[in-house]
Amino acid sequence: MTLFGVAASSCGSQSDTEEGDTRTAEIREVSGEMAGPRQVAPPQTETQTEPQTETGGPLADPTLDDPTATEAPVTVPGAIDAPVDLPGATDGLATAPGATEAPADLPGATEGCPGGMVRVEGEYCPAVVQECLEYHPEWTKRHGEPGVAARCLRFREPSRCVAKKTESLSFCMDRYEYPNVPGELPRTLTSWEQAADLCEAQGKRLCTEAEFNFACEGPEMLPYVYGYERNAETCNQDRDYRFPDHSQRLLHYEACQQNERCAAELSRLDGREPAGSRAACASWAGVFDLNGNANEWVVRTDQKAPYRSGLKGGWWGPIRSQCRPMTTFHKEDDYGYEAGFRCCADAAEAQAAE
């Protein structure tokens, strides 16, 4: 059986291999170089291994993940090997030709939330079964090769909640990726630590893993914000991968824009689109770009420093870009050209402040 849940989730960035039927087992990816398969731990009992960075600080590689690394399969008893994603890049700095502004009548509720945020409220399932019925031809023909990710084209409907009980959630989330301004490019080249500080400076906080999941998938537990079938046009995803220059690392966001070499490399790799450019890429709660565009930092509430950082939602490359998967092997000071974030806030606190 395929288990998607709090203690078992991944949106990894290494290529992987898969045998057997077309079901996917979601796991938390904890290392890019695992020697062999391991068993997924039951909820709330996972053991976190050492995330891999080159110096313990920001990665020397301008990407957050090594596109040439291959991780051994990770399995759930009775299920199949879990595919993980590979980072990608695309053609130049996106100007989003033909992109449209966010609709005037924005979806979602805003009661009890600061300006620019939406209210997300409902019953969240911590453990979900989602079965992939059809993979992208690239995966079926070339799985295990560098640069090939397990993109699912069609999931079985409906998803199934297998948790013993659901959780009641009520919170506020930025409608767009930081800086949460429609029409502006999302900020990337930002570490989890920096993202947390920037949210705190606004009186907000980074979103948790569960909050991201629920805002993205909703009560129906959708694999993608837009449903069960993958559509490369709905969100900014599935662009061709472009390998970065590994000889020099990119700088943090502001410094990179002021450095000619760094700015040129970022422009070459960059595939971001302005926030809200694709009106159809809005979740049930009215949150834009939760799949694709920029990868998003979240808080792993079951972990302690320096392992509280997770990346969710996918980005513009040819990777999985689903709601539940999460990359977990990056430390809190790591950063990359595709890594962005958005902020959340407690709805009760937001109401009290008004």
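Structure shown above.
Read on for a plain summary of the structure.

Rules used throughout
- Residues numbered from 1 in each chain as written.
- Predicted model: local features only at pLDDT ≥ 70, side-chain atom pairs only at ≥ 80, totals over all residues.
- Heavy atoms only, no water.
- Helix = DSSP H or I, 4+ residues; strand = E, 2+ residues; numbered from the N terminus.
- Contact = heavy atoms within 4.5 Å.
- Areas by Shrake-Rupley, 256 points an atom, 1.4 Å probe, with all protein chains shown as cover.
- Disulfide = S-S within 2.5 Å.
- Buried < 20%, exposed > 50% of the residue type's maximum accessible area, 1.4 Å probe, protein only.
- Pairing = 2+ DSSP bridges.
- Axes fitted to C-alpha atoms, helices over the stretch in contact; angles between N-to-C directions.
- Polar contact = N/O pair within 3.5 Å; in protein donor to acceptor, adjacent residues only side chain to side chain.
- Phe/Tyr/Trp six-rings, centres within 6.5 Å; stacked < 30°, edge-to-face > 60°.

**Some words on the overall build of the protein**
Next, step 1: Secondary structure summary: the protein contains six helices and 13 strands in total.
Next, step 2: Counting only contacts in the protein whose residues sit at least 6 apart along the sequence, the fraction spanning at least 24 positions is 77%.
Next, step 3: Carbon and sulfur atoms provide 50% of the accessible area of the protein, an area that totals close to 13,600 Å².

**Some details on the state of the cysteines**
Next, step 1: Going through the model one piece at a time under the given rule, you end up with eight disulfides.
Next, step 2: Here C125 connects covalently by a disulfide to C161, the sulfurs 2.1 Å from one another. Of note, the bridge from C125 to C161 carries an S-S torsion of about 90° and is right-handed in sense. Residue C125 is located in the loop between β2 (117–124) and β3 (127–129), and its partner C161 is located in strand β6 (residues 160–161); the two are separated by 36 residues in the primary sequence.
Next, step 3: For C125, a relative accessible area of 5% corresponds to the buried category.

**Focus on the sheet that holds strand β7 (residues 167–174)**
Whenever strands of a sheet pair, they do so through backbone hydrogen bonds, lying parallel or antiparallel.
Next, step 1: Sheet architecture is open: four strands sit in the order β2-β7-β13-β8, paired in antiparallel fashion. Every interior strand has two partners, whereas the edge strands, β2 and β8 (205–206), have only one.
Next, step 2: Two strands pair when backbone bridges link them, and β2 and β7 are joined in this way by eight bridges, in the antiparallel orientation. Along β7, the bridge assignment pairs Y124 with E167.
Next, step 3: Its contacts with the sheet place helix α3 (residues 209–217) against β2, β7, β8 and β13 (343–346), and it is angled at close to 95° to β2.

**Quick notes on the environment of F341**
Next, step 1: Tracing the chain through its elements places F341 in the loop between β12 (339–340) and β13.
Next, step 2: The exposure class of F341 is buried, given its relative accessible area of 1%.
Next, step 3: Residues F341 and L290, spaced 51 residues apart in sequence, show a C-alpha to C-alpha distance of 9.8 Å.
Next, step 4: Every residue in contact with F341, bar those within four places of it in the chain, is listed here: E177, Y178, R187, T190, A195, L198, C199, L206, N295, E296 and W297.

**Here we look at the side chain of Q237**
Next, step 1: Of note, Q237 is situated in the loop between α3 and α4 (253–257).
Next, step 2: Looking at Q237, its side chain comes within polar contact range of the side chain of Y226, at 3.1 Å.

**Some points on the packing of aromatic side chains**
Next, step 1: Under the counting rule described, the total for this entry stands at eleven aromatic pairs.
Next, step 2: Ring centres of Y135 and W139 lie 6.3 Å apart, and the angle between their planes is 50°; on these two criteria the pair is classed as tilted.
Next, step 3: With relative accessibility at 1%, the residue W139 sits in the buried group.
Next, step 4: Judged by centre distance (4.6 Å) and plane angle (25°), the ring pair of Y178 and F341 falls under stacked. Linking Y178 in the loop between β7 and α2 (192–201) with F341 in the loop between β12 and β13, this pair joins segments that are 163 residues apart in sequence. You'll find Y178 and F341 in the same group, each marked buried.
Next, step 5: Grouped by ring-pair contacts, the aromatic residues Y124, F214 and W284 constitute a single cluster.

**Looking at α3**
Next, step 1: For α3, the buried fraction is high: nine of the nine residues fall into the buried class.
Next, step 2: For α3, the complete set of buried residues consists of E209, A210, E211, F212, N213, F214, A215, C216 and E217.
Next, step 3: Positive backbone phi, at 70°, marks G218, one or two positions downstream of α3.

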